[in-house]
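# Working through the structure, step by step
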There are 2 protein chains.
Amino acid sequence: MSEALSDSVGTFADLVAAGTSTPGGGSVAAYSGVLAASLGQMMCNLTIGKAKYLEVEPRVKEIKADLERLGARLRELIAEDANSFESVLVAYRQPKETDEQKVERKRRIDIATRGAVDVPLETAQRALEVLQRLADLAKIGNPNALPDVTVGSRLAETAVKGAYYNIGINLKTLADRTAAGIIERQTTELIIETERLAAEIESTMLKQMESDG
Amino acid sequence: MSEALSDSVGTFADLVAAGTSTPGGGSVAAYSGVLAASLGQMMCNLTIGKAKYLEVEPRVKEIKADLERLGARLRELIAEDANSFESVLVAYRQPKETDEQKVERKRRIDIATRGAVDVPLETAQRALEVLQRLADLAKIGNPNALPDVTVGSRLAETAVKGAYYNIGINLKTLADRTAAGIIERQTTELIIETERLAAEIESTMLKQMESDG
């Protein structure tokens, strides 16, 4: 078990640790969302097929399918985040000697910056969708897996907030200030809903910890 | 880049998603600590060797070495957590027909439960040590990596709290109530310090997001 488990974590953590700008916090945020979805799937799998949970099984199966889809998309966003950041670096490195070059460079920076906002914005949205599924599961799934789902909810929160930091930094340089304002309000709403759901799941967990002494 | 990065995350998330009790939230908590350490190392590597940060370089090198050590230990704790939980399951499955068997089974459950408390307790302690290094780094390291270190601080917090849920569940059945009380107070202190440091790092991050509009 031990060795197989050690191998299973792969080299992602080493790539993050390296002295390159990617993969960085944005990719790790997306990966936190993947792990959150996995912990939810674990609770689904420990619930489905058990006589005690027959009544909720159809809903748990739906949630499982949603988490598989969301986890797969978040896995893609790990690489998309790294790529979008690389595009910003490439755009800044364009020549800026002639007026024409300056205009072209600015145009490329704008497009790349928008990408570096849109990718973490999708990470935040998908991670919140994961969290919504975990909140449903915490109410109906096998309570033996409640600690797992609560760790998952913390990771989903990390994913949303991690994405938010990256959105915030890139919004500062976005040329389209109207779009920047809209995205800022949208992100704030995502954060509020994320904090509410994560607190709700944790409170269920704390009650389980305190019960039967 | 994209494909190599997708491969790098390994099969850990799939093992978590499976319908087995391990690896679960405890292992994922330890892994969150590993990723937190990696994001800190990333900031160290983006700071070391740059003229601008020459003055802080000795301290940053120390922090980097600490994070490497802590990350390596947390990586071991991923598997140790799964093993400690398996031991509890094995202990509960011991025969309990004769009085002798009952005593022996209870003895094994007690030992295994203590292990299932001690492993996440070490995860929480090591993750807090990671967070302490990140808090130091956030003050002196290359600010370009501040979003990365802030995501890392969220993950360290997830690691401490995730470990805490698992400690809490296992403390309920620990026979030694004096030890249980001591560990409970110790864990509460870890949580308070973790929340304080994570909030401190996030406030530095929010200031960076708000500056130069």
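The structure displayed is predicted, hence computed values, not measured ones.

So, on to the relation of the copies chain B and chain A. It takes a turn of 180 degrees to lay chain B on chain A, together with a shift of 0.0 Å along the axis; the resulting RMSD is 0.0 Å. Read as a symmetry element, the transformation amounts to a two-fold axis. The C-alpha atom lying nearest the rotation axis in chain B is that of Gly10 of chain B; the distance is 2.2 Å. Here 100% of the interface residues in chain B have copies in chain A that are interface residues too; the copies meet face to matching face.

The next point concerns the interface of chain B and chain A. Taken residue by residue, the interface counts 63 residues in chain B and 63 residues in chain A. Summed over both sides, the interface between chain B and chain A buries roughly 5400 Å², with carbon and sulfur atoms accounting for 66% of that surface. Considering only the side of chain B, the residues that lose the most area to chain A are Tyr165, Lys172 and Met209 of chain B, jointly responsible for 13% of the buried surface there. The tally of links from chain B across to chain A stands at two salt bridges. Notably, a salt bridge pairs Asp14 of chain B with Arg75 of chain A, separated by 3.7 Å at the nearest N-O pair. Taken together, chain B and chain A are joined by 21 residue pairs in polar contact (both at pLDDT 80 or more). Elements with a contribution of two residues or more to the side of chain B that touches chain A: α1 (2–8), α2 (12–17), α3 (25–45), α4 (57–92), α6 (146–171) and α7 (177–210) of chain B. When residues in the side of chain B that touches chain A are grouped by element, the largest group, 14 residues, is from α6 of chain B.

Our focus in this paragraph is the packing of helix α3 (residues 25–45) of chain A against helix α5 (residues 99–140) of chain A. Residue and element names in this part refer to chain A. For the pair α3 and α5, the least separation of the axes is 10 Å and the interaxial angle reads 20 degrees. Classified by the interaxial angle, the pair formed by α3 and α5 is roughly parallel. Seen from above, α3 lies across α5 with left-handed handedness. Within the contact between the two elements, α3 uses Ala29, Ala30, Gly33, Ala36, Ala37, Gly40, Met43 and Cys44 and α5 uses Thr123, Val130, Leu134, Leu137 and Ala138. Across the contact of α3 with α5, the residue classes tally to ten nonpolar, three polar and no charged.

Bringing the environment of Thr98 of chain A into the picture now. All names here are of chain A. Topologically, Thr98 is positioned in the loop between α4 (57–92) and α5. Exposure remark for Thr98: the relative accessible area of 39% places this residue in the partly exposed category. Sequence separation of Thr98 and Glu122 is 24 residues, and the distance between their C-alpha atoms is 36 Å. One polar contact links the side chain of Thr98 to the main-chain amide nitrogen of Gln101, over a distance of 3.0 Å.

Here α3 of chain A is 21 residues long and its end C-alpha atoms lie 30 Å apart, about the 30 Å a rise of 1.5 Å per residue gives. Most of α3 of chain A is tucked away, with 20 of its 21 residues classed as buried.

Residue and element names in this part refer to chain B. Inspection of the secondary structure puts Thr22 in the loop between α2 and α3. Residue classification places Thr22 among the buried residues on the basis of a relative accessible area of 9%. Thr22 sits 59 residues away from Asp81 along the chain, and the two C-alpha atoms are 8.5 Å apart. Of note is the side chain of Thr22, whose polar atom sits 2.4 Å from the side chain of Glu86.

To continue, consider the side chain of Thr187 of chain A. Along the chain, Thr187 of chain A turns up in helix α7 (residues 177–210). In this structure Thr187 of chain A touches Leu121, Tyr164 and Ile167 of chain A, once residues within four positions along its chain are discounted.

Our next topic: α7 of chain B. Here α7 of chain B is 34 residues long and its end C-alpha atoms lie 49 Å apart, about the 50 Å a rise of 1.5 Å per residue gives. For α7 of chain B, the side-chain oxygen to backbone nitrogen distance between the N-cap and Thr178 of chain B is 3.2 Å, and the N-cap itself is Asp176 of chain B.

What follows deals with unusual backbone geometry. The step from Thr22 of chain A to Pro23 of chain A runs through a cis peptide bond, and the omega angle for that step is -10 degrees. Within the secondary structure, Pro23 of chain A sits in the loop between α2 (12–17) and α3.

Scoring rules and cut-offs
- Residues numbered from 1 in each chain as written.
- Chains lettered and ligands numbered in written order.
- Predicted model: local features only at pLDDT ≥ 70, side-chain atom pairs only at ≥ 80, totals over all residues.
- Heavy atoms only, no water.
- Least-squares fit on C-alpha atoms with pLDDT ≥ 70 in both.
- Contact = heavy atoms within 4.5 Å.
- Buried area = accessible area lost by both parts, 1.4 Å probe.
- Salt bridge = Lys/Arg side-chain N within 4 Å of Asp/Glu carboxyl O.
- Polar contact = N/O pair within 3.5 Å; in protein donor to acceptor, adjacent residues only side chain to side chain.
- Helix = DSSP H or I, 4+ residues; strand = E, 2+ residues; numbered from the N terminus.
- Axes fitted to C-alpha atoms, helices over the stretch in contact; angles between N-to-C directions.
- Parallel < 35°, antiparallel > 145°, perpendicular 65-115°, else oblique.
- Left-handed = near helix turned anticlockwise from the far one by under 90°.
- Nonpolar A, V, L, I, M, F, W, Y, C, P; charged D, E, K, R; others polar.
- Buried < 20%, exposed > 50% of the residue type's maximum accessible area, 1.4 Å probe, protein only.
- Expected span 1.5 Å × (residues − 1).

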